[in-house]
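The lines below spell out each chain.
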Amino acid sequence: MKRRDVLVMIPGALAGVTSLAKTEVFWKPGGFQKEPSSPPRSLRAEVRIHHGRPVLFLNGRPTFAGIHWVSAPTPDRWDFSRQAKANKETGIHIYAFDVGKGTEWIGPKTSPTNPFDFSTVEARFGRILEADPEALFHLRIYLETGHADWWENEYPQECEILSDGRSNGQSFASRVWREQAKNFLRAYAKHFEKVGLADRVLSYQVGSGHTGEWVKGESSMYTPCGDYSEPMRQHFRNWLRDRYGDDRAELRRSWNRPNASFETAEVPGAEAQLLAKRYTFRDPAAEQNVIDYFRCLAELCADCVIDFCRTAKEACGGTKLAGAFYGYLMDLSWNGGFFKERPDSDYSTYQRSGHLGLRKVLASPHVDFLVSPYSYGYRGIGGDGPSMLPSESVRLHGKLCLVEDDTRTHVDLEDIHYGRANSLRESIALLRRNLAQDLTHGQGVWWASWKVDPVKEPAFAPLLKSFQKLGTFALDLDLAPSAEMAVLIDDESFYYESCRYHLDIPLIFQQRLWGLPKTGASFDLYLLQDLVEGHLKPYKLYVFLNAFRLDQKRREALKRQIRRAKSTALWIYAPGYIQNDLSLKNIEELTGLKLGLGEQPWGPLVHITDFTHPITAGLPQDLVWGTNNKLAPIFHVDDPEAKILGQVVYSQGDCKPGFAVKAYPEWTSVYAAAPNIPAVVLRNIARFAGVHIFNDAGDVLYATPQLLGVHTVSGGPRTFRLPQTVEEIYDLFEHKTLARNADSFEVTLPPVSSALYFTGASQLLSWLKKSAL
């Protein structure tokens, strides 16, 4: 078929939101051609702090980051074309799609010295502009070589080598790969300028790993380990020189090895990486080499992300955004077995993924945004839809958090996993729940186009239109972190754990998805270091998920933060256990509680024994929590001055005090010996600490001073209590006022539904009420 010339009108991109000069562009087989008389135009994308959180700005105007995630176009067709036309009225004109390896970085087909081929870019991108003349492009740039045999054949010495001897794409330490990837980014940006497409490019998302998410599936998601390549060996040795100031004596002291040297240091073997000498924890006196390697890998991955983002931004003169899939600290306890991708194993992805470099990435001025899918752990009805990132730390450091909403809706007949919806009603409930999560946390979102296909389900187009308008409405709201409960996760402590997932599945993955969202109180989620460094406002309750390893400086800083507002601290399992050694004294010094321990690995379970305390009053007698995963040591309270609220049961049926509270003049310490604390217990602890409880029905709940989101399974009558009287309470999904000048309201929630309420000044609603949703 003869390709016809297409006239593409560009009316300013995102009408009513951005301010780009109109121009006309002709697309022909030879490329895009601007009219000679066209006025100059440019698209400048930035992330700025706006009403307390990072927001996308296009040419100086705030814009809700609502995005279509679509299939990549080919020169001859675009599978999303019909959907794009059906979505015309949604107001969503940003398209995220895959580019890079396999499309433009194709190997020596062009020439040995220039493996890039941009000859089809205009035609491919033109397919999108045919369907949506206002389109802007969010480029998911795949820089991994694992699926490119030509690269591995050309550079075998630059490939990651696994513990079983196989190669696995490029080594993250390969300078050859890194320079080629940067050259590709520069050439790509230059080509966009050449063909007149630069002003359609919004953002460069740099990705490596087997799915572009900075996770090497083969070496981090089941039993093989890496990286035993020569580039990584040399990188690790150079990293050690920097770490120890090129002081061999200091290296030998730290590693506790009299013959250790920078010239002979090796990447630890697979068994040393996977297992720990103290079962759950690593002993620094015997395993500092493993701890150092995991830290080296994390910093290397962070450096690659930052370097690629810097390169992309420099190549486009700083006018576009740059970011990555990165920082999945709330979810990486899963592995290849969880996804049915690889043989099952008992090992998590945390230490071997490189994502533990998040703190370094957040500090970089070259990174504008971070992306993650929403958690895979409990996606169905009754579950939660959070980002995998510590969301408030991302906001705190001025990065835009984008959430990939790939909900398996009822029209998705092939992918029936991950909590797939069985009906339109369920699909709407899940998508609305996720939007409520995104808006209350100041995040952007992209929707997987084939999951919300308006051709297959016409109801999806008006639904996405309402979501985009609500996102735009929320731009005027104050969405700065405002909860009274802070949940802290410590990146540092992961280096000191075994790679077994036995602890982190219940402690982080399940605790985040099962207990915390259903307490009836809102919470903010941070890296522990942000609290240590004094970046957070005071909170009434601090929940420390994994504060296992703290040096003396961090301990003292943490104690000061907790005591400044007479807060309550909830410690779980082994708080402060590791300093330079593993010691019960370390725990007591941090928590103010004396503990004992048992060394036999077993699954600890906690039950209540005292129902008279405010924390336990009203709890059912048959309540039990913990894990059947084997942990060791298992801790118990051995403090005559503590108020014992429950027991922990472990090997040989031993029943020891395992749930306790101890009050001090400046703060209160609460300890639980087992993870995965139920919502009903967390709710009582929060109430005891003075945290506001909006509702105690056990629904998933999100709240800011001006938004309240609820997701329910059972439905039924609900009374929601607000922290203060507000002028108007308005149902944002059903478009109706529920109350005025009130500090509470009553509703009847339908079963299997999600709601989002505005709670604030009536004047903020004026635009929304006038705009037909």
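Predicted, not measured: the structure shown is a model, and the values here were computed from it.

(A) Highlighting helix α7 (residues 248-255). Within α7, the full set of buried residues consists of Leu251, Ser254 and Trp255. Looking straight down α7, one finds that the buried residues subtend no more than 90° of arc, so they occupy a single side. The outward face of α7, more than 90 degrees from its buried face, is lined by the exposed residues Ala249 and Arg253. Buried-residue contacts for α7 involve α6 (230-243) and α9 (284-315). Its side-chain oxygen 3.0 Å from the backbone nitrogen of Ala249, Asp247 forms the N-cap of α7. Where α7 terminates, the next one or two residues include Asn256, which has phi positive at roughly 55°.

(B) Region of the structure containing the sheet that holds strand β20 (residues 568-572). With mixed pairing, 9 strands are arranged side by side in an open sheet as β18-β17-β19-β20-β27-β26-β25-β22-β23. Among the strands making up the open sheet, the edge pair consists of β18 (524-527) and β23 (624-626). When the angles between neighbouring strand axes are averaged without regard to direction, this sheet yields 25°. Relative to strand β25 (residues 643-649), strand β22 (residues 605-608) is paired through 4 bridges, and the arrangement is antiparallel.

(C) Structural detail: unusual backbone geometry. Here the amide bond leading from Gly226 into Asp227 is cis, since omega sits at 0°, within 30 degrees of zero. Here Asp227 shows up in the loop between α5 (217-220) and α6. At the junction of Ala632 and Pro633, the peptide bond is cis and its omega measures out at -5° in the coordinates. Looking at the element boundaries, Pro633 is found in the loop between β23 and β24 (634-637). Phi angles above zero are rare outside glycine, and Gln652 is one such case at about 65°.

(D) Main features of the state of the cysteines. Scanning the model with the defined rule gives 0 disulfides in all. Take Cys296: it sits in no disulfide, and the sulfur closest to it among the cysteines is that of Cys301, at 9.4 Å. In this structure Cys316 is not part of a disulfide, and its nearest cysteine sulfur, from Cys309, lies 11 Å away. Take Cys316: its relative accessible area is 11%, and that puts it in the buried class.

Thresholds, definitions, all that
- Residues numbered from 1 in each chain as written.
- Predicted model: local features only at pLDDT ≥ 70, side-chain atom pairs only at ≥ 80, totals over all residues.
- Heavy atoms only, no water.
- Buried < 20%, exposed > 50% of the residue type's maximum accessible area, 1.4 Å probe, protein only.
- Helix = DSSP H or I, 4+ residues; strand = E, 2+ residues; numbered from the N terminus.
- Arc of directions from axis to C-beta.
- Contact = heavy atoms within 4.5 Å.
- Polar contact = N/O pair within 3.5 Å; in protein donor to acceptor, adjacent residues only side chain to side chain.
- Pairing = 2+ DSSP bridges.
- Axes fitted to C-alpha atoms, helices over the stretch in contact; angles between N-to-C directions.
- Disulfide = S-S within 2.5 Å.

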